[in-house]
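# Descriptive analysis of the structure
Residue-level listing of the chains:
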Amino acid sequence: MVPTSYFILLSGVLFTLGVLGVLVRRNALVVFMSIELMLNSANLALVTFAQARQSLGGQILVFFVITVAAAEVAVGLALLVAIFGTKRTTDIDEISSLKG
Amino acid sequence: MPELTWVIALIPAFPLLGFLLNVFVIRRERAAGLVASAAVVLSFISVLVAIYALQTQTQDLNRIDLVLWDWISVGTFRVPFGLLFDPLTAVMTLLVTGVGGIIHIYSIGYIHGDARPVRYFAYLNLFIVAMLLLVMGNNLLLLFMGWEGVGLCSFLLIGHWFDRRSVPPGIVPSEAAVKAFVVNRVGDAGMLLAMMAIFSRMGTLTFFSQNLNGQTLPGFLERAQDVASAQLDLGTFGTIGIVTAICMLLLLGVTGKSAQVPLFVWLPDAMAGPTPVSALIHAATMVTSGVYLIARNQALFEASPSAAGFVVAIGVLTALLAATAALAQWDIKRVLAYSTISQLGYMVAAVGMGAYVAGIFHLLTHGVFKALLFLGSGSIIHGTHDTQDMRKLGGLKDKMRTTWWTYMIGALALAGIFPFAGFWSKDEIIGRAWAIQNYTTAVALIAVSALTAFYMGRQVALIFYGRPRDREVEQHTHESGAIMRWPLIVLAVGAVIAGLMNLPPLPFELPGGHLLNEFLKPVLAEEAPAFNIPLALVTTALALGSFYGGWYLYAHTLANRIKVGKEDPGYHYLGDIWKGAEIAWGFDWFYEHAIIRPYRAIARFLSTVVDQQAIDGILVDGFAGGFGRIAQGIRGAQSGYVRTYALIFLVGVIVLVSYFAFR
């Protein structure tokens with residue numbers, strides 16, 4: 001049986017990749033994928049701890065996370081399409097007209 | 001006998017109806033004039049009926065007190081909206097509606113072709129309403145409402161030609177209106193304070209006793225003796241009797257409304273209004289309300305001899321100052337304006353001396369002949385196409401016959417020549433001063449009488465005699481129409497016979513002497529003075545001599561030296577004294593330098609420094625600007641780059657997590 005710490009380590013690596021993706025990439029689609037990556041790393045950690053502690057709560061929370069992530073993606077992609085329709089770009093540094 | 005008390009409510013109701021009709025319904029000049037005149041004539045008829053009701057009433061009160069409704073009722077402060085009709089009110093209402101009616105009719109002719117006739121007649125009616133409330137109010141607050149109402153109408157009517165930038169002799173109507181209003185406010189402050197003092201000390205503002213909810217409350221006039229000895233502590237200024245204080249405050253109101261020293265300066269400028277307005281408001285009625293006020297509050301003034309003495313001093317001073325000022329005026333209406341001030345001084349001095357009936361008698365006769373003179377001057381101004389400078393007139397006797405002979409009667413009546421109305425009333429006042437051995441006052445009043453005769457002689461000489469001095473004016477001069485001539489004739493008859501009201505005791509035991517004394521006895525209980533025949537002869541001789549002297553000088557001796565735009569010959573002989581009289585001894589100059597300019601400087605300081613710099617600069621703009629600059633400093637933080645925000649989130653999360661993890 002694989003030790004719990006490996007899963008947690010993997011979860012941490014995935015989360016770090018997600019954060020880096022959000023911070024360094026300029027393509028909005030990739031930023032979205034990075035956010036999904038962070039959410040799923042959190043899911044992985046939840047499932048791992050649920051397994052380790054023999055408690056169903058963590059696994060049920062994962063379903064909620066997946067549902068909310070799906071909704072968030074739906075809204076996010078719709079926004080992205082709308083922005084692309086007007087700005088002809090998905091570069092998030094170009095979308096900065098709300099600056100002070 | 002049917003009780004006719006309700007009739008007195010009709011007296012102010014008719015002009016009020018006329019005012020409302022003129023404001024809301026009528027749009028045409030002719031209808032406006034007819035409705036306004038009819039309203040005042042109906043009111044006059046109501047006065048006659050009310051006098052009949054007063055004479056035949058069953059109770060022995062000699063007054064009708066009609067409370068229409070409870071006006072103000074706050075705690076112990078109760079003021080009824082009540083109308084009072086006693087002999088004093090009766091003669092005042094007779095004058096107001098009688099002379100007022102004649103002037104309304106005259107106005108139909110005078111204001112014909114004006115730009116705003118309907119508004120004019122509406123204000124004229126409103127004035128009558130306010131004046132009637134003033135003389136009919138059964139309490140001081142209602143009197144004050146009328147007092148303010150006539151002030152408002154005076155303001156509105158002086159400013160009737162508000163769109164003209166200047167009317168002769170160089171007055172701006174809108175400024176003159178504001179001046180009248182502001183100067184009167186000074187006096188009104190005294191009135192208000194007097195009312196507060198009366199209420200706080202005597203607990204009521206009604207003049208006479210009232211039936212309220214079955215109990216009888218005494219009026220403040222009936223309680224004047226109770227507080228006569230009470231003193232008011234003024235700290236370092238010593239003490240003053242309560243009644244004296246009240247009387248002095250009332251006197252301040254009188255000096256404002258009745259144009260006495262030192263607040264008379266508004267009246268000469270009030271001549272910027274249409275001439276019938278000058279006749280009605282600024283000669284016959286409104287300006288006499290101060291005299292009425294003192295006569296009505298006789299009980300107060302009798303309880304305070306020192307205040308009454310002050311009243312006499314103010315009156316005599318005013319009479320002298322204004323009579324000398326009238327000598328040196330070129331403008332027809334300004335002569336009459338100063339003459340009005342001077343005659344008001346006569347009345348005030350009379351009521352101050354305790355000659356209340358004589359004061360009211362002079363008020364009535366003066367109301368008639370001064371209205372006549374003003375309407376006559378209006379006829380001259382109308383007939384010569386707005387010429388008011390007497391240097392441009394001259395020789396109008398043959399062109400304006402009716403105006404001439406009516407004006408002569410008015411001038412003789414004002415000069416106090418036997419047997420015209422002014423002789424009887426003026427003589428009674430002088431006789432009273434002599435009888436109480438106040439010789440200074442008597443001599444001063446005789447001097448004023450001589451001056452009055454002189455300037456009236458000068459005026460008629462300049463207007464009607466000599467040869468015309470301005471060709472252009474001469475060619476266009478014409479007599480006024482019948483609607484303006486008939487009021488003059490009626491008033492001229494009045495100026496001849498008004499003395500019959502209060503003749504001295506007649507010889508051979510004939511009835512008819514001291515009618516006014518008898519009529520006013522219930523209100524102004526006062527012994528009818530004896531007729532001093534030598535004194536009357538002296539004053540009449542002086543007046544006749546001065547009148548003839550003034551006439552002869554300006555119609556013959558000096559006639560050739562009067563030129564348009566030139567100084568009066570009197571200036572040549574008297575120099576700066578004449579100049580001083582011409583500017584009414586510099587009261588306007590003094591106010592200009594002592595009050596108006598410092599006030600303007602303070603206003604400018606408050607406006608530029610306090611308001612614009614301190615309040616606007618520091619409080620308003622300063623705070624806004626400060627926040628603006630702070631925001632300017634931190635607006636760079638909002639870059640619009642989502643990734644930057646994400647990084648800041650991350651740092652924040654790391655800081656928070658570390659804090660909770662490692663604390």
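To keep things clear, this report deals only with the structure shown in the data block. (Residues numbered from 1 in each chain as written. Chains lettered and ligands numbered in written order. Predicted model: local features only at pLDDT ≥ 70, side-chain atom pairs only at ≥ 80, totals over all residues. Heavy atoms only, no water.)

Residue and element names in this part refer to chain B. With respect to the helices and strands, glutamine 459 occurs in helix α17 (residues 439–464). With a relative accessible area of 0%, glutamine 459 lands in the buried category. Aside from chain neighbours lying at most four places away, what touches glutamine 459 is Ile332, Val335, Leu336, Met390 and Tyr407. (Helix = DSSP H or I, 4+ residues; strand = E, 2+ residues; numbered from the N terminus. Buried < 20%, exposed > 50% of the residue type's maximum accessible area, 1.4 Å probe, protein only. Contact = heavy atoms within 4.5 Å.)

As a further point, take the packing of helix α4 (residues 117–136) of chain B against helix α9 (residues 275–284) of chain B. Residues and elements named next belong to chain B. Direction vectors running N to C along α4 and α9 enclose 5°, while the axes themselves pass 12 Å from each other. Taken together, the axis directions place α4 and α9 in an arrangement best described as roughly parallel. Residue-level contacts link Tyr120, Leu124, Phe127 and Ile128 of α4 to Pro276, Val277, Leu280 and Ile281 of α9. Its residues assigned to classes, the contact of α4 with α9 shows eight nonpolar, no polar and no charged. (Axes fitted to C-alpha atoms, helices over the stretch in contact; angles between N-to-C directions. Parallel < 35°, antiparallel > 145°, perpendicular 65-115°, else oblique. Nonpolar A, V, L, I, M, F, W, Y, C, P; charged D, E, K, R; others polar.)

If you walk through the whole model with that rule in mind, you get 17 salt bridges over all chains. When the shortest N-O distance is used, the salt bridge between arginine 26 of chain A and aspartate 91 of chain A registers 3.1 Å. Of this pair, arginine 26 of chain A sits in the loop between α1 (4–24) and α2 (28–53) while aspartate 91 of chain A sits in the segment after α3 (57–87), placing them 65 residues apart in sequence. For aspartate 91 of chain A, a relative accessible area of 15% gives the class buried. Measuring nitrogen to oxygen at the nearest pair gives 2.8 Å for the salt bridge that ties aspartate 86 of chain B to arginine 296 of chain B. Placement of aspartate 86 of chain B in the loop between β2 (77–85) and α3 (87–110) and of arginine 296 of chain B in helix α10 (residues 289–296) is noted, with a sequence separation of 210 residues between them. On the accessibility criterion, aspartate 86 of chain B (2% relative accessible area) is buried. A relative accessible area of 3% means that arginine 296 of chain B is categorised as buried. (Salt bridge = Lys/Arg side-chain N within 4 Å of Asp/Glu carboxyl O.)

What follows is about the interface of chain B and chain A. If you look at the interface, chain B gives ten residues, while chain A gives 13 residues. Of the roughly 990 Å² buried at the junction of chain B and chain A (both faces included), carbon and sulfur atoms supply 59%. It is Gln638, Tyr641 and Arg643 of chain B in chain B that bury the most area against chain A; as a group they hold 52% of the surface buried on that side. Here chain B is connected to chain A by one salt bridge. Arginine 643 of chain B is paired through a salt bridge with aspartate 93 of chain A; the nearest N and O atoms lie 2.5 Å apart. Applying the counting criterion to the chain B and chain A interface returns three residue pairs in polar contact (both at pLDDT 80 or more). For the side of chain B that touches chain A, a count of residues per class yields five nonpolar, three polar and two charged. (Buried area = accessible area lost by both parts, 1.4 Å probe. Polar contact = N/O pair within 3.5 Å; in protein donor to acceptor, adjacent residues only side chain to side chain.)

Bringing the packing of helix α14 (residues 356–383) of chain B against helix α16 (residues 421–435) of chain B into the picture now. All names here are of chain B. Where α14 meets α16, the axes come as close as 9 Å, and the angle between the chain directions of the two elements is 155°. Compared by their axis directions, α14 and α16 come out roughly antiparallel. In this structure, α14 crosses over α16, and the sense of that crossing is left-handed. The residues of α16 that touch α14, namely those facing Ala358, Phe361, His362, Thr365 and Phe369, are Ala421, Gly422, Trp424, Ser425, Lys426, Glu428 and Ile429. Grouping the constituent residues of the contact of α14 with α16 by class yields six nonpolar, four polar and two charged. (Left-handed = near helix turned anticlockwise from the far one by under 90°.)

Here we take up the pairing of β2 of chain B. Residues and elements named next belong to chain B. Most of β2 sits out of view: seven of its nine residues are buried. One ladder, built from nine bridges, connects strand β1 (residues 64–74) with β2; its direction is antiparallel. From the neighbouring strand, serine 73 faces β2, where its bridge partner is arginine 78. Here β1 hands over to β2 after two residues, with glycine 75 in that stretch at a positive phi of 60°. (Pairing = 2+ DSSP bridges.)

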